[in-house]
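# Fold and contact review
The primary structure of each chain is shown beneath.
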Amino acid sequence: MSPRIDPHAHSTASDGTLTPVELVRAAAQAGLDVVAITDHDTTAGWDPAVRALPPGLRLVRGAELSCRWYGEEPAVPLHLLAYLFDPADPDLTAELARVRLAREQRGERIVRLLQADGIDVSWPEVLAGAAGGTVGRPHIARALIRAGLVATTTEAFGPDWLGERYRLPKEDIEVFQAVRLVRAAGGVPVFAHPRATRRGRIVPDELIADLAAAGLAGLEADHEDHSPAERAHVRALAADLGLLVTGSSDFHGAHKTVRLGAFTTGVEAYERIVAAGVTEVASG
């Protein structure tokens, strides 16, 4: 039987609801053979996840980088999965620190906007909920849920709340710079959910071709936010460009209904990632 590989999952080091320790235990319980920890703009979950690896489970260390393409106005946000890079690389480390600080500053501004409208949410509460992880809108959503103002994270991300009325732009990494930084750090860059129109605007195929020429290694095709037609489009584009194809859950714990292993990656693509990365896969 082929190994079950889920290379996109989040912990409390960013906006997931399971700690890194709980995440790897849940991955083993879900019958996975390989899981990747890919928190937003941070490697903080790597060490605790490695130390807690259950027997038989392999861990791919990664991160999901917050990027932006400035070829349109306004710029288009997108996410880049970075696998098996050197966490001590000074240039990438500095850029991730900048983005995390910008996320925190944006979060505090959003809370101030909510407070100005008489909404009882406190910034210390949001920070406490992040538990030292990268602060994001899901942490503010949880504060809104605790205050009884919304029932779910989905509602909190609606237009009356964090999706529009209280949404502020954040500073991201220019996407070509992100690809270069990941490659220079010995990592493997894969474009996360590139065709997910339900998330908002998407970039043209021509940009993905340019990113492939700049060092992009793969495309995430099988994802809950891709329709069957979008998955097929991504697979065809990857074939045309010679890129590897991944599938994954993008697991966030209680923030989403998707389960670990809901979508998986084939062995060939996984082996290509492992061969190209500078950091070894950890084994339990």
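Above this note sits the structure.
The text that follows walks through the structure, step by step, so that each part is easy to find. (Residues numbered from 1 in each chain as written. Predicted model: local features only at pLDDT ≥ 70, side-chain atom pairs only at ≥ 80, totals over all residues. Heavy atoms only, no water.)

For the chain, the helix and strand inventory stands at 10 helices and nine strands. Relative to its length of 284 residues, the chain is compact, with a C-alpha radius of gyration of 18 Å against a globular reference of 19 Å. For the chain, the spread of C-alpha atoms along the three principal axes comes to 55 × 45 × 40 Å. Within the chain, the fraction of its 284 residues that count as buried is 54%. A separation of at least 24 residues holds for 70% of the contacts in the chain among residues at least 6 apart in sequence. For the chain, the accessible area works out to roughly 12,000 Å², and carbon and sulfur atoms hold 51% of it. Averaged over its 29 positive side-chain charges, the chain has a centre that lies 2 Å from the centre of its 38 negative ones. (Helix = DSSP H or I, 4+ residues; strand = E, 2+ residues; numbered from the N terminus. Rg over C-alpha atoms; globule rule 2.2 N^0.38 Å. Buried < 20%, exposed > 50% of the residue type's maximum accessible area, 1.4 Å probe, protein only. Contact = heavy atoms within 4.5 Å. Areas by Shrake-Rupley, 256 points an atom, 1.4 Å probe, with all protein chains shown as cover. Lys, Arg positive; Asp, Glu negative; His and termini not counted. Charge placed at Lys NZ, Arg CZ, Asp CG, Glu CD.)

With that settled, consider helix H8 (residues 205–214). Within H8, burial applies to Leu-207, Ile-208, Leu-211 and Ala-212. The arc that holds every buried residue of H8, seen down its axis, measures 145°, which confines them to one face. Along H8, exposed side chains directed more than 90 degrees from the buried face belong to Glu-206 and Ala-213. Looking at the buried side of H8, the elements it contacts are strand E3 (58–69), helix H7 (175–184), strand E6 (188–191), strand E7 (218–222) and helix H9 (228–241). Just beyond H8, the residue with positive phi is Gly-215, at close to 125°. (Arc of directions from axis to C-beta.)

The next point concerns the pairing of strand E8 (residues 244–247). The alternating pattern of E8 places Leu-244 and Thr-246 and Val-245 and Gly-247 on opposite faces, both of which are buried. The parallel pair E7 and E8, bridged by H9, forms a crossover whose chirality is right-handed. (Right-handed = clockwise from strand over helix to strand, strands pointing away.)

Here we take up the nonpolar core. The biggest cluster of nonpolar side chains holds 51 residues, and the ones touching the most others in it are Leu-65, Leu-219 and Leu-260. Counting residues per element, this core draws most heavily on H7, at six residues. Residue contacts for Leu-260: discarding those within four places in its chain leaves Asp-6, Ala-9, Leu-23, Ala-26, Ala-27, Ala-30, Leu-32, Val-35, Ser-249 and Phe-251. (Core = buried A, V, L, I, M, F, W, Y, C linked by side-chain atoms within 4.5 Å.)

This next bit is on the side chain of Arg-137. Topologically, Arg-137 is positioned in helix H5 (residues 137–146). For the buried residue Arg-137, which engages in no salt bridge, the nearest side chain bearing the opposite charge is Asp-15, 8.5 Å off. Beyond its immediate chain neighbours, meaning those up to four positions away, Arg-137 contacts Arg-106, Ile-110, Phe-157, Leu-162, Gly-163 and Arg-167. (Salt bridge = Lys/Arg side-chain N within 4 Å of Asp/Glu carboxyl O.)

This part takes up unusual backbone geometry. Put simply, Glu-73 and Pro-74 share a cis peptide bond, and its omega is 0°. Positive phi, close to 55°, is recorded for Ala-131, a residue that is not glycine. Within the secondary structure layout, Ala-131 lies in the loop between helix H4 (123–130) and H5. The class of Ala-131 is exposed, set by a relative accessible area of 61%.

Such coordinate-based values are descriptive only and should not be taken to indicate function.
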